Protein chains: 2
Amino acid sequence: MMTVQEALRKLTELQEKLRAYRHATSLIYYDGVTTAPRGTAANRGQTLSILSGIEYELMTGRETVEILDTLSAHPERLDEKTARIVYLMSKDLKEMAKIPQEEYVAYQTLLVQADDVWHRAKEENDYAAFEPILAQIVDTHIRFAGYIAPDKHPYDHWLNQYEGGLTMEKCDAFFAALRERIVPLLKKIAAVPQVDDSILRQHFPEEGQRKLSDYFMEVLQLPRDHCGIATTEHPFTIDFSKYDVRITTHYYENDFASSMFSVVHEGGHALYELGVADEDAYNELGSGVSMGIHESQSRFYENLIGRSRGFIELIFPKLCEIFPEQFAGRTPEELYRAVNRVEPSLIRIEADELTYALHIMVRYEIERKLMNRELTTKDLPAEWNRLYKEYLGVDVPDDTHGCLQDSHWSGGSIGYFPSYALGSAYGAQLIEKMRETVDVDKTVASGDLAPINAWLHDHIWQYGRLYEPSDLFEKAVDAKFDPAYFTDYLEKKLSEIYGI
Amino acid sequence: MMTVQEALRKLTELQEKLRAYRHATSLIYYDGVTTAPRGTAANRGQTLSILSGIEYELMTGRETVEILDTLSAHPERLDEKTARIVYLMSKDLKEMAKIPQEEYVAYQTLLVQADDVWHRAKEENDYAAFEPILAQIVDTHIRFAGYIAPDKHPYDHWLNQYEGGLTMEKCDAFFAALRERIVPLLKKIAAVPQVDDSILRQHFPEEGQRKLSDYFMEVLQLPRDHCGIATTEHPFTIDFSKYDVRITTHYYENDFASSMFSVVHEGGHALYELGVADEDAYNELGSGVSMGIHESQSRFYENLIGRSRGFIELIFPKLCEIFPEQFAGRTPEELYRAVNRVEPSLIRIEADELTYALHIMVRYEIERKLMNRELTTKDLPAEWNRLYKEYLGVDVPDDTHGCLQDSHWSGGSIGYFPSYALGSAYGAQLIEKMRETVDVDKTVASGDLAPINAWLHDHIWQYGRLYEPSDLFEKAVDAKFDPAYFTDYLEKKLSEIYGI
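Everything numeric in this text was worked out from a predicted model, so none of it was measured.

1. Observations concerning the pattern of salt bridges
Residue and element names in this part refer to chain A. Tallied over the full model, the rule gives 92 salt bridges over all chains. For the salt bridge of arginine 330 with glutamate 334, the shortest nitrogen-to-oxygen distance reads 2.9 Å. One continuous salt-bridge network, built from bridges that share partners, spans Asp197, Arg201, Asp255, Arg341 and Glu343.

2. Re the pairing of strand β3 (residues 244-249) of chain B
Residue and element names in this part refer to chain B. Taken across its six residues, β3 has six buried, putting it largely inside the fold. Residues Asp244, Arg246 and Thr248 point to one face of β3 and Val245, Ile247 and Thr249 to the other, with burial holding for every one of them. Looking at chain direction, strand β1 (residues 227-231) and β3 are connected through five bridges and run parallel. Bridged to glycine 228 within β3 is arginine 246. Pairing of strand β2 (residues 237-241) with β3, which is carried by four bridges, proceeds in the antiparallel orientation. Within β3, the residue paired with isoleucine 238 across the bridge is arginine 246. Hairpin connection, β2 to β3: the antiparallel pair is bridged by two residues.

3. A closer look at the environment of valine 245 of chain A
Residue and element names in this part refer to chain A. With respect to the helices and strands, valine 245 occurs in strand β3 (residues 244-249). Between the alpha carbons of valine 245 and alanine 97 there is a distance of 30 Å; along the sequence they are 148 residues apart. Each residue touching valine 245, except ones within four places of it in the same chain, is listed here: His226, Cys227, Gly228, Thr237, Ile238, Asp239, Ala270, Glu273 and Leu274.

4. Here's the deal with the packing of aromatic side chains
Residues and elements named next belong to chain A. Within this structure, the stated rule accounts for 61 aromatic pairs over all chains. Ring pairing ties together the aromatic residues Tyr162, Tyr356, Trp384, Tyr388, Trp409, Tyr416, Phe417 and Tyr420, which thus form one cluster. Just above the ring of phenylalanine 261 sits the side chain of arginine 307; from NZ or CZ to the centre is 3.8 Å. In this structure, arginine 348 is placed above the aromatic ring of tyrosine 420, and the distance from its NZ or CZ to the ring centre is 4.6 Å.

5. Some words on the relation of the copies chain B and chain A
Least-squares fitting of chain B to chain A yields an RMSD of 0.0 Å, with the transformation described by 0.0 Å of translation along the axis and a rotation of 180°. Accordingly, the operation relating the two chain copies is best matched by a two-fold axis. For chain B, the residue whose C-alpha comes nearest the rotation axis is alanine 24 of chain B, separated from it by 2.7 Å. Same-surface contact between copies: 100% of interface residues of chain B are shared with the interface of chain A.

6. Some thoughts on the sheet that holds strand β2 (residues 237-241) of chain A
Residues and elements named next belong to chain A. Spatial ordering of the open sheet is given by β1-β3-β2, a layout of three strands whose pairing is mixed. Strand pairing shows two members of the sheet lacking a second neighbour, β1 (227-231) and β2, which therefore form its edges. Looking at each pair of strands side by side, their axes are set apart by 20° on average, direction ignored. Here helix α1 (residues 4-34) sits on the sheet in contact with β1, β2 and β3, set at roughly 145° to β2.

Rules and cut-offs
- Residues numbered from 1 in each chain as written.
- Chains lettered and ligands numbered in written order.
- Predicted model: local features only at pLDDT ≥ 70, side-chain atom pairs only at ≥ 80, totals over all residues.
- Heavy atoms only, no water.
- Salt bridge = Lys/Arg side-chain N within 4 Å of Asp/Glu carboxyl O.
- Buried < 20%, exposed > 50% of the residue type's maximum accessible area, 1.4 Å probe, protein only.
- Helix = DSSP H or I, 4+ residues; strand = E, 2+ residues; numbered from the N terminus.
- Pairing = 2+ DSSP bridges.
- Contact = heavy atoms within 4.5 Å.
- Phe/Tyr/Trp six-rings, centres within 6.5 Å; stacked < 30°, edge-to-face > 60°.
- Lys NZ or Arg CZ within 6 Å of the ring centre and 35° of its normal.
- Least-squares fit on C-alpha atoms with pLDDT ≥ 70 in both.
- Axes fitted to C-alpha atoms, helices over the stretch in contact; angles between N-to-C directions.

And the structure:
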C-alpha cells in the first residue's frame, strides 16, 4: 500500500507528465493549423493516436488509481488545492475508464483528420466532404455520453463538460431571458436609420493590421515573452502552460474590425491562462476553469472594453498613425458607432453584440437535435439555413458562410457554443461589480489597463480550476448570476447609439 | 518468454512509439527556434526533460530488452531490414543503458537552455554568457563517452556517432589530403586578379527572396505538401517523419547568395529524408544514415548542382523576373563567377567551396582539443581566432563572427563538423558515378531535375539506415572513397574561373 506522502509525490509527478503530453499534443495541433505543410495530417494523426493512448493509460492506469484512492482515503491530509486536484482527477479517471481505450484513441485520430477535412471543406464549400466525419463525431459524442452518464441526456452531459453544472433546462431559461429582451430591441433598431460603418470597409493592408495586433497586445498588457501570435483560418487561443500561450487571428484587408476584435478577444483568453497562480503552472489547477468563464474574459475585453467609447478614443490616434489615409477626417465617434452597428448577419465571429446570442441559439438548437437524433448530419445544412432565416432573417448563400463556418464541431466540441452567450452575460455582471472599486472608464481612458487586469486577476484568473465555475463567479460578484445585467447593458448602449 | 512473433509485433509498436516521441520533441525544438515567444524556454525544458525521460525508459526498459534479446536469438527468423533494426536498437540500448537516466534527462534539459542562451549570446556578442553552458556540454560529452566506450578516445566515440566508422586517424588523413591540394590552389588564386561579386552585394528585399525560396524548392522538386519552409537564425532541416520535413533559411537583404544556397543546401537534406522507403516511414530505418551521407546530399545540391554554370543559367531568368533592377544588364556568367568567388572569410556557412574545408579544420582541431582537455572553453575564443588567422589568414573581429557563429555545440553536437567536409568529398565522387548513366549537365539545363533525384533516390535515399554509411557509399559508387574526386573537381572548376 502506498503511503500518503508517496502518493503526494507521485501525484505531482503524474501531473507534470500529463502537462508534458498536453504540451506535445497541443503543439502538434497548433503546428497543424499554423505552419505544417498540407499533406502531413496523417503523420500527426499517427503521432497523436500514440501519445493520446499513452496519456489515456497514464490517466487511468493502476498507479493513478492507487494514488487517487490513497489520497481520497485521507482527506484530512490534503490542503484545499490538493483536495480539489484529487477530486478533478478522480472525476476524469472515472469518466475515462468508462470509455474503451481503443475508442478513445480512434476518436483522437478522427479529430486530426476532421480538422484537415473541415479546412478543405470550408475552403471549397464542400459540406458533403465533411458530413461523414461529422456524423462520426456526433455518434461518438452520443456513445461516449452513454458510457459516462447513461442516466443523463447526452447533450446535458456535454454541456456540463464545458460549463460545470450547465443543463438544457438552464440554457432554455437563459436563452428565453435573452430572447425576451433582444428580439424587441432588434425590432426597434430595425425601424430607425442604420449606423454607417463604411469606415470599416476600406482597404486595410495586412501589414498595417499586423502592426496593430502588436499594439493591441501591448494595450492589453499581454507579456510578449510568454504570448505569441500567429495567423489561422479561425482565431483561437492555446496554452502549453501559463508560461507559453499562443493566440491567433486572421486578416481581411476589406474588413478592419475582424482582426482587431479577434486579437482583443483572444487576448482576453490569453490573459486568463497567463494569470493562473505560478505554483499551479504544471498541475491540474493551472488553466481556465470552464468555457463559460473563459468566454467571460475574452468577451469582456472584446466587447465591454474593446467596443466601449473610451477604448475607441484611446486607440484612435494609433489607428490614424498606421492607416493615415483611411482615418483622415474620421472621428472616434464614427468608429465607435461603426463597431457597434447592429445587423443580422451570417458569420458568428463577426456578429454584433446584440445578434450574437441569436447565432448561438441556432447552434444550440442544432446540437440539441443532433444529440437527440432528431436531426441527421445530412439534413444539418437545411436546418441551419432555416434557423438563420427564422432567428436572424438572413438567407445563407452557401455552407462556407453557413454550417461550415466554425471549427468547433471538427475540433470535437459539441456543447461548447452556449458558453459564448453565457460568457457575455457573466462579463456584464463582472464589470458592474468591478466598477464598485475600479473606475473602469477612467482606467480605459488613461491607457493603462493594469487596474482592470489586476481586478480580474484577483477575482478570476489566479484561481485556475480551484472552484466550480458557478462558485467562482458568485464569489467574484458576491451575488447569483443574473442575465439582466447583460440585457440592461445592451439596451442602454444601443438605445443611445440608435437614439431609441 | 516472448515468442518471436510477439516480439516482432512489439518491435513495430515500440518503433512507432519512439517515432511519436521524436515527433513531439523535434516539434518542440522546431517551435522554439521558429515561433515560440522568448520567455518560454523553461517550459520547453520541463516538457522535454519529462518526454526524454519516458523515451529513455522506452529505449532501455525491460520489455525492450526482452524484445531485442528474443529477436537476436533467432537471426534466421529476421528479414534483412528487421535484422538491421534489431542491430541498431540493440546498439542504442547498450549505449543508453550505460548512461544514468538522470544524467541523460538533465542533459536534454541543458540543451534546451543552451539553445536559448546561445541565441542571445550570439545576438549580443556575449561569449561569457554561453561559456559555462558550453563547458557543461563538453564535460557531458567526455563523461558520456567514458560510460559508453571507455577504451576509446572520447572524440573518436563522438566522430563515430555522426559517421559510423570515422576516427581521428581517418580525419587526419582526409584533412591532410585536402590541405595538400587546397592550400597551393588557394595561393595560386590569391596571386591573380579576384572575381567581382558586387552582383550579390546589392539590396535584395526579403519579399523577393522569399519568392525565390519557393522557386528553388520547385526546381529541386521538393513536394510542398510534405515539406515546409520557415525562417531561423541558423538554417537547418528537421523531419518528423518522411511525410513531414521542414527546412529553414535566413534572409540577408544585402547578400543575395546566403539564403539561396541555404535553401538549396537544406533542400538536399530534405530530399534525402523525403526519399526513404514508405514502408520505413515510422521505423528505425526511416531516416538518413549518417551526417556525412546527409551532407553529401545537401552539399551535392548546394555546390555540385547549385554552383554549376548550368544551374545558374537555368535560374537566371527567374532572378531577373523577381529582381529586375538588380539583374538588369548582368549575365549568368557574372553570377556564376560571383557565387564561386574564393575568399578566405569568417563565416562557415557563407564560405566558398575551396576554403570551406579550412573552416571545418578549425572546428575539428578545437573539438579534438576540448575532448582531450588540452583546451578549456574559457580559452576557446582565443584559440578559434588564432586558428582562423593561421588557416584562413583572417582576423576575427568578435565572437558573433567567430566561435559563436554555429548552432552545433549549443545543440549538443560535438563531432559533427567533419561530416560537412566528408560530405563534400562524397558528393564529388557520387556525381562522377552518376555521370556514367545520367547526363547531369543536360538534365540541369533542361530544368527538370527528376533524373538526378531518381539516381540519388535509387542509390542513397531509399535505403535510409539499412546499410552502414561507408557500405552505402561504396555500393553507390562501386569503389572505395577517394577524396581526390573532390580536389580534382575544385582544381578544374577554379582553374577555369581564375584562368590559372
